[in-house]
Amino acid sequence: QVRLVESGEGLVQPGGSLRLSCAASGIIFRLYVMEWYRQAPEKQRELVAQITTGGSTNYADFVEGRFTISRDNSKNTVDLQMNDLKPEDTAVYYCRGFTIRGDYWGQGTQVTVSS
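First things first, this report covers the structure right here in the doc. (Residues numbered from 1 in each chain as written. Predicted model: local features only at pLDDT ≥ 70, side-chain atom pairs only at ≥ 80, totals over all residues. Heavy atoms only, no water.)

1. Examining the pattern of salt bridges
Under the defined criterion, the tally for this structure stands at seven salt bridges. Between Asp79 and Arg19 there is a salt bridge; the shortest N-O distance is 3.2 Å. Here Asp79 is found in strand β8 (residues 77-82), whereas its partner Arg19 is found in strand β3 (residues 18-25), with 60 residues between them in sequence. Arg19 gets classed as partly exposed once you look at its relative accessible area, which sits at 42%. (Salt bridge = Lys/Arg side-chain N within 4 Å of Asp/Glu carboxyl O. Helix = DSSP H or I, 4+ residues; strand = E, 2+ residues; numbered from the N terminus. Buried < 20%, exposed > 50% of the residue type's maximum accessible area, 1.4 Å probe, protein only.)

2. Focus on the sheet that holds strand β7 (residues 67-72)
Across the sheet, four strands lie side by side as β1-β3-β8-β7; this open sheet has antiparallel pairing. Every other strand in the sheet has two partners, leaving β1 (3-7) and β7 as the edge strands with one partner each. The average undirected angle you get between the axes of adjacent strands in this sheet is 15 degrees. (Pairing = 2+ DSSP bridges. Axes fitted to C-alpha atoms, helices over the stretch in contact; angles between N-to-C directions.)

3. Observations regarding the packing of aromatic side chains
All told, the structure shown has two aromatic pairs when counted by the stated rule. Ring centres of Tyr32 and Tyr104 lie 6.2 Å apart, and the angle between their planes is 40 degrees; on these two criteria the pair is classed as tilted. A residue pair is termed long-range when its members are at least 10 positions apart, and Tyr32 in the loop between β3 and β4 (33-39) and Tyr104 in strand β10 (residues 102-105) qualify at 72 residues. With a centroid separation of 4.8 Å and an interplanar angle of 55 degrees, the aromatic rings of Tyr37 and Trp105 are classed as tilted. Here Trp105 lies in strand β10 and Tyr37 lies in strand β4, a separation of 68 residues in the sequence. (Phe/Tyr/Trp six-rings, centres within 6.5 Å; stacked < 30°, edge-to-face > 60°.)

4. Brief notes about the pairing of β3
Side chains Leu18, Leu20, Cys22 and Ala24 of β3 all project onto a buried face; the interleaved residues Arg19, Ser21, Ala23 and Ser25 project onto a face where none is buried. Where β3 meets β8, six bridges bridge the pair, whose relative direction is antiparallel. From the neighbouring strand, Leu20 faces β8, where its bridge partner is Leu80.

5. A short note on the nonpolar core
A general feature of soluble globular proteins is that nonpolar side chains tend to end up buried together. Counting 27 residues, the largest nonpolar core has Trp36, Val78, Leu80, Met82 and Tyr93 as its most contacted members. If you list the elements that add at least two residues to this core, you get β3, β4, β5 (46-51), β7, β8, β9 (91-99) and β11 (109-113). If you tally residues by element for this core, the top one is β3, at four residues. Ignoring any residue separated from it by four or fewer positions in sequence, one finds Tyr93 in contact with Glu6, Leu20, Trp36, Tyr37, Arg38, Val48, Phe67, Leu80, Met82, Gly108, Thr109 and Val111. (Core = buried A, V, L, I, M, F, W, Y, C linked by side-chain atoms within 4.5 Å. Contact = heavy atoms within 4.5 Å.)

6. Thoughts on unusual backbone geometry
Positive phi values are uncommon outside glycine, yet Asn76 reaches one of about 60 degrees. Inspection of the secondary structure assignment puts Asn76 in the loop between β7 and β8. Overall, the relative accessible area of 23% leaves Asn76 in the partly exposed class. Within the chain, Asp84 stands out as a residue other than glycine whose phi angle is a positive 50 degrees. Structurally, Asp84 can be placed in the loop between β8 and β9.

7. Considerations on the side chain of Gln50
For Gln50, the position within the fold is in strand β5. The class of Gln50 is buried, set by a relative accessible area of 17%. In this structure the side chain of Gln50 is engaged in a polar contact, spanning 2.8 Å, whose partner is the side chain of Glu35. Beyond its immediate chain neighbours, meaning those up to four positions away, Gln50 contacts Val33, Met34, Glu35, Ser56, Thr57, Asn58, Ile69 and Phe98. (Polar contact = N/O pair within 3.5 Å; in protein donor to acceptor, adjacent residues only side chain to side chain.)

What follows is the structure, encoded as structure tokens:
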């Protein structure tokens, strides 16, 4: 059974930092492209960051150098370090892993940025 489980949910003040983690099981993790998405209330889900099987990274324009995605193939985890958080970063953050053989999502974890 494939599972992607996010953790790191939290409430943080503007300018603060938060680290999300996604633990994968049931897949050959190193073969999967891993991504973080987010969905704010009444908005469409959007891509935040991607890390390929080779470790190359891509970010949405709104990240503006504030977030870093990383993966640890020995632990089957992908993390998203978020710095200088803004109220508009408030959303449910989802982990996604995909290859040509499968496309899997986690259940999401809430990030709230508020003073």
